[in-house]
Amino acid sequence: MAFIVLLGVAVQNGVVLVTFFKQLRQRGMGVLETVRTGCGLRFRPLLMTALTAFVGQLPLLYATGSGADIQRPLAVVVMGGLVTSTLLTLVVLPTIYAWLAGRRREVRRGS
């Protein structure tokens with residue numbers, strides 16, 4: 001169940017960011033301006049989504065009852081995945097978007 005949450009948060013954050021990038025591009029912004037503005041304006045919503053799922057895993061991390069020895073490592077992995085996916089969404093995704101948008105513009109010029 002926790003991995004489904006992790007996957008859902010990671011995909012949702014990516015979709016939210018790319019959709020906002022597309023909206024900014026339709027308004028006439030350049031690629032780099034779109035990436036800077038989009039990441040700046042969507043930083044808090046993306047962080048809050050990941051933080052909510054992160055905090056939801058804390059009871060599993062500090063559980064002491066039966067089955068806690070199985071839940072604790074799972075919680076650590078999911079929490080690490082949430083941090084990693086959020087950083088990748090805010091760093092790698094905008095970089096790839098800018099690179100692909102620049103390539104698309106070059107292909108259009110070449111035709």
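Preceding this paragraph is the structure being described.
Residues numbered from 1 in each chain as written. Predicted model: local features only at pLDDT ≥ 70, side-chain atom pairs only at ≥ 80, totals over all residues. Heavy atoms only, no water.

A. Quick peek at the overall build of the protein. The helix and strand tally for the protein stands at four helices and zero strands. Shown N-terminal to C-terminal, the secondary structure of the protein runs as helices and strands in the order α-α-α-α. Computed over its C-alpha atoms, the radius of gyration of the protein comes to 18 Å, more than 25% above the 13 Å expected for a compact globule of 111 residues. Taken along its principal axes, the extent of the C-alpha atoms in the protein is 65 × 25 × 15 Å. When each of the 111 residues of the protein is scored for burial, the buried share is 32%. Sequence separation of 24 or more characterises 66% of the internal contacts of the protein that already satisfy a separation of 6 or more. (Helix = DSSP H or I, 4+ residues; strand = E, 2+ residues; numbered from the N terminus. Rg over C-alpha atoms; globule rule 2.2 N^0.38 Å. Buried < 20%, exposed > 50% of the residue type's maximum accessible area, 1.4 Å probe, protein only. Contact = heavy atoms within 4.5 Å.)

B. Quick peek at the nonpolar core. Ranked by size, the top nonpolar core spans ten residues in total: L17, F21, V31, V35, C39, L46, L90, Y97, A98 and A101. Breaking this core down by element, the ones donating at least two residues are α1 (2-26), α2 (31-56) and α4 (68-110). Membership of the second largest hydrophobic core comes to seven residues, among which are L6, A53, V78 and L82. (Core = buried A, V, L, I, M, F, W, Y, C linked by side-chain atoms within 4.5 Å.)

C. Representation of α1 within the structure. If you check α1, its first and last C-alpha atoms are 36 Å apart, about what 25 residues at 1.5 Å a residue would give, namely 36 Å. Listed as buried for α1 are A2, L6, V9, N13, G14, L17, F20, F21 and L24. Immediately downstream of α1, the backbone of G28 shows phi near 100°, a positive value. (Expected span 1.5 Å × (residues − 1).)

These results come straight from atomic positions and should not be treated as a statement about function.
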